[in-house]
Amino acid sequence: MTNPLYDPYVVLHKVYGGGAYLRQALSDTPIEEKNRARTAKVVYGVAENDLWLDHCIRSFAPKSPKLPVRVLLKAALYMLLFMGKPRYMVTDSAVSLLKKLGKGGAAGFVNAFLRAFDEEKLALPAERAARLSVQYSFPPFAVSRLLAQYGEDAEQIMRHRPARTFVRFSGRPAPDYLALPHEETPFEGLYAYPRFQRDEGFDRGEYTFQSVGSVAVCGVVEPCEDLLDACAAPGGKSVLLAGRCGRVTAFELHEHRAKLIRSYAARMGAANVEVFCRDSSVHDPAYDGRFDAVLVDAPCSGYGVVGDNPDIKLFRKEEDIAALHAAQLSILTACAPYVKRGGHLYYSTCSVFEEENDGTVVAFLKQHPDFCAEGAASPLGHVRTRFGLQFLPHLSMGAGFYVCKMRKKA
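Residues numbered from 1 in each chain as written. Predicted model: local features only at pLDDT ≥ 70, side-chain atom pairs only at ≥ 80, totals over all residues. Heavy atoms only, no water.

## As for the overall build of the protein chain
Argument step 1. Counting its secondary structure elements, the protein chain contains 18 helices and 13 strands.
Argument step 2. Taken along its principal axes, the extent of the C-alpha atoms in the protein chain is 75 × 50 × 35 Å.
Argument step 3. Here the protein chain holds 410 residues, and 52% of them are scored as buried.
Argument step 4. Within the protein chain, counting contacts between residues at least 6 apart in sequence, those at least 24 apart form 68% of the total.
Argument step 5. Accessible surface, the protein chain as shown: approximately 18200 Å² in total, 52% of it carbon and sulfur. (Helix = DSSP H or I, 4+ residues; strand = E, 2+ residues; numbered from the N terminus. Buried < 20%, exposed > 50% of the residue type's maximum accessible area, 1.4 Å probe, protein only. Contact = heavy atoms within 4.5 Å. Areas by Shrake-Rupley, 256 points an atom, 1.4 Å probe, with all protein chains shown as cover.)

Below, the structure is given as structure tokens:
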């Protein structure tokens with residue numbers, strides 16, 4: 001049997017050592033199939049609790065171990081603390097793996113560390129921001145922004161939540177699906193499952209996987225004849241909105257992702273979705289005045305969906321926020337002329353940071369007086385901001401999305 005730490009170590013080393021994203025690293029790594037679920041649980045769990053595990057290592061190690069040993073210790077500590085694995089098993093597996101990797105010189109240190117580690121002796125930082133950063137493994141810059149923007153709700157936003165799989169059915173779900181433990185959402189056909197095994201129904205287009213935040217954004221979009229989804233990948237919004245609009249044009253920068261949207265639309269029977277490989281930040285006069293509505297689901301920090309993508313906390317830096325704000329404004333500016341007079345421009349992100357949300361809308365409206373913000377509504381719990389709706393994890397079934405509805409003056 002493969003060492004239980006081997007596959008997680010290989011995947012995590014690609015993430016910490018090579019800057020790979022978790023999903024890609026898992027996809028690119030040959031993993032023992034019967035233990036794939038366990039491996040995924042460990043690597044996602046380590047990323048989600050990264051700063052907490054760093055704190056554990058700092059508290060019991062005289063000096064910071066080199067990267068390979070640090071990665072192995074994080075995986076071992078996760079199995080020990082969060083999966084309840086026996087200490088002797090975790091320790092023996094870690095020592096054995098080090099020797100297999102040709103790093104036997106560190107075996108004594110790792111053996112002593114894991115045998116001496118005692119969670120009850122850990123002391124959290126006294127200062128609130130530092131404590132929250134360690135406790136929820138949010139980078140200090142993100143904690144500072146959340147505290148400044150949300151105050152007492154900041155901790156609720158950062159708190160870890162049970163995993164949910166959101167499944168959107170094309171029609172009424174078959175009885176077998178409804179017999180599984182599930183939670184209803186405010187949206188027709190969308191259910192949340194603690195566990196859901198993909199089956200042949202997915203290939204037949206009976207259902208797809210789509211987050212509640214994505215569906216909530218689509219819920220703000222009014223039915224129309226011609227809609228442009230300007231940043232369309234992976235295609236969930238284009239396909240859902242194809243059921244409400246006469247035609248959906250989808251722009252995607254990368255050809256391989258454009259192919260995925262076409263495949264997605266074909267699987268779900270959305271024949272009225274046409275996909276083009278285009279850079280939405282570059283204005284094309286050929287599209288001016290063509291669409292009743294344009295949806296800009298802009299690139300963003302992703303800090304509203306770290307529950308599903310914990311490696312965001314590893315890679316996003318504070319300086320990225322300003323660059324993303326500029327990119328968001330660039331895409332809105334390029335796409336605004338595509339909206340017919342009297343039509344709508346929708347702006348959305350999966351961020352909880354004001355600079356990327358209302359902040360981007362403010363900058364856009366200052367430059368484009370021919371647009372005005374309109375009120376939007378949603379049955380999903382949210383906070384109403386100056387210009388839009390902010391969905392927050394503790395109010396919105398785990399979703400951290402933003403959407404603003406704007407109208408081009410007639």
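## Structural notes on the environment of Ala293
Argument step 1. Relative to the elements of secondary structure, Ala293 occurs in strand β8 (residues 291-297).
Argument step 2. Ala293 gets classed as buried once you look at its relative accessible area, which sits at 3%.
Argument step 3. Put simply, Ala293 and Val46 are 247 residues apart on the chain and 41 Å apart in space, counted from C-alpha to C-alpha.
Argument step 4. If we skip the residues at most four places from it in the chain, Ala293 touches Cys224, Asp226, Leu227, Leu228, His344 and Tyr346.

## Topic: the pairing of strand β6 (residues 247-252)
Argument step 1. Counting buried residues in β6 gives five out of six residues, a clear majority hidden from the surface.
Argument step 2. The pairing of β6 with strand β7 (residues 273-277) spans five bridges and is classified as parallel. Opposite Thr249, over in β7, you have Glu274 as the bridge partner.
Argument step 3. Regarding topology, helix α15 (residues 255-267) serves as the crossover connection from β6 to the parallel β7, and that connection is right-handed. (Pairing = 2+ DSSP bridges. Right-handed = clockwise from strand over helix to strand, strands pointing away.)

## Topic: the packing of helix α1 (residues 6-18) against helix α5 (residues 67-81)
When two helices pack together, their arrangement is given by the angle between their axes and by how far apart the axes lie.
Argument step 1. Following both chains from N to C, one finds α1 and α5 inclined at 125°, their axes separated by 10 Å at the closest point. Considering their axes alone, α1 and α5 lie oblique with respect to each other. Crossing angle aside, the handedness with which α1 passes α5 is right-handed. Two secondary-structure elements touch here, α1 through Tyr9, Leu12, His13, Tyr16 and Gly17 and α5 through Leu67, Pro68, Val71, Leu72, Lys74 and Ala75. (Axes fitted to C-alpha atoms, helices over the stretch in contact; angles between N-to-C directions. Parallel < 35°, antiparallel > 145°, perpendicular 65-115°, else oblique. Left-handed = near helix turned anticlockwise from the far one by under 90°.)

## Topic: the sheet that holds strand β2 (residues 183-184)
Argument step 1. If you trace the four strands from one edge of the open sheet to the other, you get β2-β3-β1-β4, paired in antiparallel fashion. Single-partner strands in this sheet number two, and they are β2 and β4 (207-209).

## With respect to the side chain of Lys74
Argument step 1. Along the chain, Lys74 turns up in helix α5.
Argument step 2. Owing to a relative accessible area of 3%, Lys74 belongs among the buried residues under this scheme.
Argument step 3. Residues contacting Lys74, with those up to four places away along its chain left out, are Tyr16, Val46, Asp50, Leu53, Asp54 and Ile57.

## Some words on the nonpolar core
Argument step 1. Grouped together as the largest cluster of nonpolar side chains are 61 residues, with contacts concentrated most on Phe138, Leu146 and Tyr303.
Argument step 2. When residues of this core are assigned to their parent elements, the largest contribution, six residues, is made by helix α13 (residues 212-220).
Argument step 3. If we skip the residues at most four places from it in the chain, Leu146 touches Phe138, Gly151, Ala154, Ile157, Met158, Val352 and Phe353.
Argument step 4. Ile57, Ala61, Val69 and Phe113 belong to the second largest nonpolar core, which has 40 residues in total. (Core = buried A, V, L, I, M, F, W, Y, C linked by side-chain atoms within 4.5 Å.)

## Focus on the packing of helix α3 (residues 36-48) against α5
Argument step 1. At a closest axis distance of 9 Å, the pairing of α3 and α5 adopts a crossing angle of 105°. Considering their axes alone, α3 and α5 lie roughly perpendicular with respect to each other. Across the interface between the two elements, Lys41, Val42, Gly45 and Val46 from α3 touch Lys74, Ala75, Tyr78 and Met79 from α5.
Argument step 2. Its residues assigned to classes, the contact of α3 with α5 shows five nonpolar, one polar and two charged. (Nonpolar A, V, L, I, M, F, W, Y, C, P; charged D, E, K, R; others polar.)

## Some details on unusual backbone geometry
Argument step 1. The step from Ala233 to Pro234 runs through a cis peptide bond, and the omega angle for that step is 5°.
Argument step 2. In this fold, Pro234 is placed in the loop between β5 (226-229) and α14 (236-242).
Argument step 3. Within the chain, Ser137 stands out as a residue other than glycine whose phi angle is a positive 55°.
Argument step 4. You can see Ser137 is positioned in the loop between α8 (128-136) and α9 (140-150).
Argument step 5. Backbone geometry at Met397 places phi at a positive 55°, although glycine is not the residue there.
Argument step 6. Take Met397: it is sitting in the loop between β12 (388-390) and β13 (402-408).
Argument step 7. Residue Met397 is classed as buried on the basis of its relative accessible area, which comes to 16%.

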